[in-house]
Protein chains: 2
Amino acid sequence: MRSYGEFCAVAKALDAIGDRWALLIVRELMLVGACRYTDLQHGLPGVATNLLADRLRQLEKAGVVSRELAPPPIATTLFRLTPRGQDLLPVIRELGRWGAPLLSEAGGDEAFRSYWITLPLELYYYDPTPEGPPVTIEVRMGDEPMLVEAVDGKIRVRRGSAKDPDAILTGPPWLVLGLLSRRVELQDALKQGVDLQGDAKVLNRVRSTSVPESPSARTAEARPKVSRTK
Amino acid sequence: MRSYGEFCAVAKALDAIGDRWALLIVRELMLVGACRYTDLQHGLPGVATNLLADRLRQLEKAGVVSRELAPPPIATTLFRLTPRGQDLLPVIRELGRWGAPLLSEAGGDEAFRSYWITLPLELYYYDPTPEGPPVTIEVRMGDEPMLVEAVDGKIRVRRGSAKDPDAILTGPPWLVLGLLSRRVELQDALKQGVDLQGDAKVLNRVRSTSVPESPSARTAEARPKVSRTK
DNA sequence: CGGCATCCACAGTGATACTG
DNA sequence: CAGTATCACTGTGGATGCCG
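Since this is a predicted model, take the numbers as computed values, not measurements.

For DNA strand C, the set of nearby residues contains 21 residues, the closest of which are Tyr 37, Thr 49 and Thr 76 of chain A together with Arg 20 and Arg 55 of chain B. Of all atoms in DNA strand C that approach within 4 Å of the protein, 71% are sugar or phosphate atoms. Interatomic distance of 3.2 Å between a side-chain N/O atom of Arg 57 of chain A and a phosphate oxygen of DNA strand C. Elements supplying a minimum of two residues to the surface near DNA strand C: α3 (37-43), α4 (49-61) and β2 (77-81) of chain A together with α4 (49-61) of chain B. Counted by class, the surface near DNA strand C contains 7 nonpolar, 8 polar and 6 charged residues.

This paragraph deals with the protein's contact with DNA strand D. Close to DNA strand D lie 20 residues; Arg 20, Trp 21, Leu 51 and Arg 55 of chain A together with Thr 76 of chain B are nearest. Each atom of DNA strand D within 4 Å of the protein belongs either to a base or to sugar and phosphate, the latter forming 70%. Within the contact set of DNA strand D, a phosphate oxygen lies 3.2 Å away from a backbone nitrogen or oxygen of Gly 46 of chain A. The side chain of Arg 57 of chain B places a nitrogen or oxygen atom 3.2 Å from a phosphate oxygen of DNA strand D. At the level of secondary structure, the elements contributing two or more residues to the surface near DNA strand D comprise α4 of chain A together with α3 (37-43), α4 and β2 (77-81) of chain B. Split into classes, the residues belonging to the surface near DNA strand D amount to 6 nonpolar, 8 polar and 6 charged.

What follows deals with the side chain of Glu 94 of chain A. The topology assignment puts Glu 94 of chain A in helix α6 (residues 89-99). Classification of Glu 94 of chain A by relative accessible area gives buried; the value is 11%. Within polar-contact distance, the side chain of Glu 94 of chain A engages the side chain of Arg 97 of chain A at 3.2 Å. Not counting residues within four places of it along the chain, the set of residues in contact with Glu 94 of chain A comprises Pro 90, Val 91 and Glu 94 of chain B.

Here we take up the packing of α6 of chain A against helix α1 (residues 9-17) of chain B. It is the contact of α6 of chain A with α1 of chain B, at a shortest axis distance of 7 Å, that shows an interaxial angle of 80°. Comparing their axes, α1 of chain B and α6 of chain A come out roughly perpendicular. Facing Ile 92, Leu 95, Gly 96, Trp 98 and Gly 99 of chain A of α6 of chain A, the residues of α1 of chain B in contact are Ala 9, Val 10, Lys 12, Ala 13, Leu 14, Ala 16 and Ile 17 of chain B. Grouping the constituent residues of the contact of α6 of chain A with α1 of chain B by class yields 9 nonpolar, 2 polar and 1 charged.

Contact with chain B, which involves 78 residues of that partner, is made by 78 residues of chain A. Summed over both sides, the interface of chain B with chain A buries roughly 6,900 Å², with 63% coming from carbon and sulfur. Remark: the boundary between chain B and chain A carries 4 salt bridges. Where Lys 12 of chain A meets Glu 110 of chain B, a salt bridge forms, and the shortest distance between an N and an O atom there is 2.8 Å. Seen at the junction of chain B and chain A, the total is 14 residue pairs in polar contact (both at pLDDT 80 or more). Elements supplying a minimum of two residues to the side of chain B that touches chain A: α1, α2 (22-32), α5 (83-86), α6 (89-99), α7 (118-124), β6 (154-159) and α8 (173-180) of chain B. Class assignment of the residues belonging to the side of chain B that touches chain A gives a composition of 46 nonpolar, 12 polar and 20 charged.

What follows deals with the relation of the copies chain B and chain A. Each copy of the sequence occupies a distinct position, and chain B is placed on chain A by a rotation of 180° and an axial shift of 0.0 Å, giving an RMSD of 0.0 Å. As the rotation angle and translation indicate, the two copies are arranged about a two-fold axis. Taking C-alpha positions as reference, the residue of chain B nearest the rotation axis is Val 91 of chain B, located at 3.1 Å. Looking at chain B, 100% of its interface residues are interface residues in chain A too, so the copies touch through the same face.

The next point concerns the confidence of the model for chain A. Do not read the fine detail of predicted coordinates wherever pLDDT is low. Of all residues in chain A, 90% attain a pLDDT of 70 or more, and the chain-wide mean is 88. This model gives residues 219-225 of chain A a pLDDT under 50, and the stretch forms 9 contacts once residues within four places in sequence are excluded.

On to the domain arrangement of chain A. All names here are of chain A. Splitting chain A by domain gives domain 1 (9-87) and domain 2 (114-227). Each partner contributes to the interface: domain 1 provides 6 residues, whereas domain 2 provides 5 residues. With both sides pooled, the region where domain 1 packs onto domain 2 buries about 520 Å², and carbon together with sulfur makes up 71% of that total. On the domain 1 side of the contact with domain 2, Arg 27, Leu 31 and Val 32 bury the most area, a combined 68% of that side's loss. Counting across the domain 1 and domain 2 interface gives 2 residue pairs in polar contact (both at pLDDT 80 or more).

Moving on to the pattern of salt bridges. Taken as a whole, this structure holds 31 salt bridges over all chains when the rule is applied. A salt bridge links Asp 127 of chain B to Arg 205 of chain B, with the nearest nitrogen and oxygen atoms 2.8 Å apart. Of the two residues, Asp 127 of chain B sits in the loop between β3 (125-126) and β4 (135-140) while Arg 205 of chain B sits in the loop between β8 (195-198) and β9 (207-208), which places them 78 residues apart along the sequence. Each member of the pair, Asp 127 of chain B as well as Arg 205 of chain B, carries the same accessibility label: buried. One salt-bridge network, in which partners are shared between bridges, spans Glu 6 of chain A together with Arg 27 and Glu 28 of chain B.

Time to look at the pairing of strand β7 (residues 167-170) of chain B. Residues and elements named next belong to chain B. Note: β4 against β7, 4 bridges, orientation parallel. Each residue of the ladder has a partner; that of Ile 137, found in β7, is Ala 167. Bridging between β7 and β8 involves 4 bridges; their strand directions are antiparallel. Note that in β8 the partner of Leu 169 across the bridge is Leu 196.

Right, let's get into the side chain of Asp 127 of chain A. Residue and element names in this part refer to chain A. The class for Asp 127 is buried, based on a relative accessible area of 2%. Side-chain polar atoms of Asp 127 contact the side chain of Arg 205, separated by 2.8 Å. With sequence-adjacent residues up to four places away left out, Asp 127 is seen in contact with Ala 150, Val 151, Asp 152, Gly 153, Lys 154, Ile 155 and Arg 205.

Further remarks concern α6 of chain A. Among the 11 residues of α6 of chain A, 8 are classified as buried, and the element is accordingly described as predominantly covered. The inward-facing, buried residues of α6 of chain A abut α2 (22-32), α5 (83-86) and α7 (118-124) of chain A together with α1, α5 and α6 of chain B.

Rules of the game
Per chain, residue numbering runs from 1 following the sequence as it is written. Chains carry letters from A onward and ligands carry numbers from 1 onward, assigned in written order. Under the rules for a predicted model, residues below a pLDDT of 70 receive no local features and side-chain atom pairs below 80 are neither given nor counted, while totals for whole chains, interfaces and linings still include all residues. The side-chain figures draw on all heavy atoms in the structure; neither hydrogens nor water molecules are used. Nearness is judged by heavy atoms alone; a residue qualifies as near a molecule or strand once a single heavy atom is within 4 Å of it. Here a polar contact is recorded for every N or O atom pair within 3.5 Å, except that within protein the pair must consist of a potential hydrogen donor and a potential acceptor, and residues adjacent in sequence are included only if both atoms are side-chain atoms. Working definition: helices are DSSP H or I runs of at least four residues, strands are E runs of at least two. Numbering for both runs from the N terminus. In this classification, Asp, Glu, Lys and Arg are treated as charged, Ala, Val, Leu, Ile, Met, Phe, Trp, Tyr, Cys and Pro as nonpolar, and every other residue, Gly included, as polar. Summary of the burial criterion: residues with accessible area below 20% of their type's maximum are buried, those above 50% are exposed, and those between are partly exposed, where the area comes from a 1.4 Å probe applied to protein chains only. Contact between two residues is taken to exist if any of their heavy atoms lie within 4.5 Å; hydrogens are not considered. Simply put, an axis is a line fit to the C-alpha atoms, just over the touching stretch for a helix, and the angle between two N-to-C directions goes from 0 to 180 degrees. Every angle not falling under 35 degrees, over 145, or within 65 to 115 is termed oblique; those three ranges are roughly parallel, roughly antiparallel and roughly perpendicular. By buried area we mean the combined loss of accessible area, with a 1.4 Å probe, across both parts when two parts are placed together. Each salt bridge in this description consists of a side-chain nitrogen of Lys or Arg and a carboxyl oxygen of Asp or Glu lying within 4 Å of one another. A least-squares superposition brings the copies together, and it is based on the C-alpha atoms of residues with pLDDT no lower than 70 in both. Residue-level confidence of the predictor is what pLDDT reports, using numbers from 0 through 100. Note that the domain bounds reflect an automated or database-derived domain assignment. Two strands pair if DSSP finds at least two bridges between them.

Below, the structure written as structure tokens:
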């Protein structure tokens, strides 16, 4: 992409990572860690292969992504974030926080990967009962089961399934997310197609730090501005 | 732009404000407040007028920008951020924080507006001597003078010039910024074309909360990750 | 199979000119 | 002042092919 040619930190950042797909590539590498090319293609449904190759080169030149040739047993190229790339976590976090209210509607035909819920759960959620025993919830939203654990006040998310989870939550992503964020009541969720097996009380071990409202539910009151005494 | 079609908060956010120029329009409205169309053009050097019109419509539809027809004495259309648009402040802040190290080099032919320094100064800087008397520094970097005030522990920035500032700082943007962030020593700055009149000690009233390093100066040590027990 | 490069149709971009 | 209109150009997305 053409540079904005502005001497401004925001413009410079956008020069580096403002291209289409660039920040989503960063998201993937943040969530999955080291990735093969095809792993990235799987996590970025719809990306054209030439574009992915282009962006990876670009991000490499910008010092955000590094490329390494894995040793013999794997024998493939691995892409991973550099430290400078890891520094993009706050950007991803705030973008995700701002975008979260846009997920309140069904999402029907949109692409979804179960591990994407790692982002909101680990960034904005916590366990309000840190003194309680660790609990494990298996979440099934389609492509692969995920394990959500509440332990020591934190929420951890892993891929895989447990042999004996405290609860199993099955349903479409938007309902599961709505339930965990308490935008949707349990009864309503059950009516709309969520299935919950096991102990329903463990859901109380998952709390959001910032309850995202629907974007239209915002009032027009005055809010803090950066500047300008106008 | 085409939607990414992903059920992911980051992707949804980028669907709304990931287009070229969109976030820079938000930056302008955050810094300047209500803007006329031509004010935006002035603050976004190089934007094509049809693109600006397109983006404003888009941002309006996304609930980020509102358009109002100012009453008779002004009789023009004013654009301003909605509350939902103001919520983008953390995104702008983190993008700017990440991009700040990219400003360490000269910047020569790049466009610059003096009021852009409001962003870093008010977001990442503070007055380390809140009990001290208020001080005012007039900063001249080209197009218009700015007033930087340290008072009550905070840095405030306004347009305009003072009749009796404690100091006057004149020079190219990258050197002035380097000086204020302490990436550049006063002596070096003076040698490279900065002029400082008045009391040099007032510069100690401006401190950065996060000292941005040069991006290449980063080590390759391990850093916190979002996730993945790998 | 993994990691691209090439080709093509088309949507988005940028410069300029023009208008109510 | 706040755009719209036009047009050359570039970036994007989809398909396919290549090569170790």
